Amino acid sequence: MRLVWVLDTCDAERLAVFWGAALGYERDEADPPYTFLRDPGGLRPDLILQDVPEPKTGKNRMHLDNVVEDLHGEVSRLIGLGAVQRCAPVAEVNGGRLVVMADPEGNEFCVVREATFPEPVPATAKADG
């Protein structure tokens, strides 16, 4: 099984530019209504942008967390790419810090200081331990 994220959009071109730069992803083939973004290292899930006719109308039920070491530097970089900071103060969650943001179409995501989420343990390490 392979995980792929799909994000509805009214302007896949605009969000492809934003999310490609935000995640360091490369644009792959497009097959309307889909535009594909891929991690050049092949380690992270693909992001598929799906053109839909209706605009976003409420809070996301699921969102991406971008886990980083330099919270404030990454927030500034993303604002420069067109993101909007949704919460003024930095939130404290599970001993870590995060900032709620939105992409150019209003899709929420978080920027999280790395200490909040532990690295996953490979399945082989669990079986050996």
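Summarised in this report is the structure supplied together with it. Since the model is a prediction, treat every value here as computed from it, not as a measurement.

Describing helix α2 (residues 71-81)
Next up, step 1: What α2 keeps buried is the set L71, E74, V75 and L78. Along α2, the residues classed as buried sweep out an arc of 100 degrees about the axis, all on the same side. Of the exposed residues in α2, those oriented more than 90 degrees away from the buried face are S76 and G80.
Next up, step 2: Buried residues belonging to α2 abut α1 (12-23), β5 (64-68), β6 (84-85), β8 (96-102) and β9 (108-113).
Next up, step 3: Just downstream of α2, G82 is the residue with a positive phi angle, here 120 degrees.

Considerations on the nonpolar core
Next up, step 1: In terms of nonpolar packing, the biggest core is built from 22 residues, with W19, L47, L49, L78, M101, F109 and V111 touching the most fellow members.
Next up, step 2: Per-element accounting of this core gives the leading share, seven residues, to α1.
Next up, step 3: The residues contacting L78, other than those within four sequence positions of it, are F18, A22, A83, M101, F109 and V111.

Conventions adopted
- Residues numbered from 1 in each chain as written.
- Predicted model: local features only at pLDDT ≥ 70, side-chain atom pairs only at ≥ 80, totals over all residues.
- Heavy atoms only, no water.
- Buried < 20%, exposed > 50% of the residue type's maximum accessible area, 1.4 Å probe, protein only.
- Helix = DSSP H or I, 4+ residues; strand = E, 2+ residues; numbered from the N terminus.
- Arc of directions from axis to C-beta.
- Contact = heavy atoms within 4.5 Å.
- Core = buried A, V, L, I, M, F, W, Y, C linked by side-chain atoms within 4.5 Å.

Honestly, that's just the spatial picture; any functional story needs more than this.
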